Amino acid sequence: EVPPEYPFIFYQVEYHHWPGSQEAEVLNQRRADLIRLLKNEFNEIFVGGMYFRKAQNNKYNDCRTRVPYDHEIYLSFVKKAAVVISTNGFGDSFPWKLAEYLKLGKCIVSQKLQHELPQPLVDGFHLKTFHDLDQCIEICRDLLKNRTKARELGDNARVYYNQYINPKIVINKFINQSINS
């Protein structure tokens, strides 16, 4: 599988097979609802979906991704995507993919983060945040129409990564703080 040559929205998540976990079921369902809405609204402009590593769940067959579970292939899709979507994890945890998206300078549409960062990500400057699924669709639609804004968000995301997340920068800050204290 190779990424499309046209601008597309990318959202790919793992199905969490944790029998008896209500939180896993709620997370899977919330993500499936978003995938179904994206597929319905954007058709071939949306790429991604849900992948299954440990177990299948027929309830989500229509959400299955065509992108194989392979990190290099996954990254090729992320790099080519015009817009990437990020959603919170268990306990509304910080999405691990977000740092990757920032590093790659992607135009990010993210579920509102529930936890504070030392330096806040600014909605409309580093990324666009959504509070509900309809708002996510509306933001994606607007960003696909406004490529300049999408590029600006991606550029600002990369700057944020380089200033606040890049391991070399973070380690140097800690070393300098410890030397100067």
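Quick caveat, the model's predicted, so the values are computed rather than measured.

About the thresholds
- Residues numbered from 1 in each chain as written.
- Predicted model: local features only at pLDDT ≥ 70, side-chain atom pairs only at ≥ 80, totals over all residues.
- Heavy atoms only, no water.
- Axes fitted to C-alpha atoms, helices over the stretch in contact; angles between N-to-C directions.
- Helix = DSSP H or I, 4+ residues; strand = E, 2+ residues; numbered from the N terminus.
- Parallel < 35°, antiparallel > 145°, perpendicular 65-115°, else oblique.
- Left-handed = near helix turned anticlockwise from the far one by under 90°.
- Contact = heavy atoms within 4.5 Å.
- Nonpolar A, V, L, I, M, F, W, Y, C, P; charged D, E, K, R; others polar.
- Pairing = 2+ DSSP bridges.

(A) Spotlight on the packing of helix α1 (residues 22-42) against helix α4 (residues 133-145). Two numbers describe how α1 lies on α4: the axes approach to 10 Å, and their chain directions differ by 40°. Between α1 and α4, the angle is such that the two are oblique. Note on packing geometry: the crossing formed by α1 with α4 is right-handed. Here α1 contributes Asp33, Leu34, Leu37, Leu38, Glu41 and Phe42 to the contact with α4, which in turn contributes Leu133, Asp134, Cys136, Ile137, Cys140, Arg141 and Leu144. A class-by-class count of the residues in the contact of α1 with α4 yields 9 nonpolar, no polar and 4 charged.

(B) Representation of the environment of tyrosine 101 within the structure. Among the secondary structure elements, tyrosine 101 is positioned in helix α3 (residues 96-103). Linking tyrosine 101 and serine 86, residues 15 residues apart in sequence, is a C-alpha distance of 8.8 Å. The contacts of tyrosine 101, once residues within four sequence positions are left out, are Tyr74, Val78, Val84, Ile85, Ser86, Lys106 and Ile108.

(C) The sheet that holds strand β2 (residues 46-51), seen in detail. Strands sit in the order β2-β1-β3-β4-β5 across an open sheet of 5 strands; the sheet is parallel. Two strands in the sheet have a free side with no partner beyond their single neighbour: β2 and β5 (128-130). Pairwise comparison of adjacent strand axes, ignoring direction, gives a mean angle of 20° for this sheet. As paired elements, strand β1 (residues 9-14) and strand β3 (residues 83-86) share 2 bridges and run parallel to each other. Its bridge partner lying in β3, phenylalanine 10 is registered against valine 84.

These figures come from the coordinates and say nothing about function on their own.
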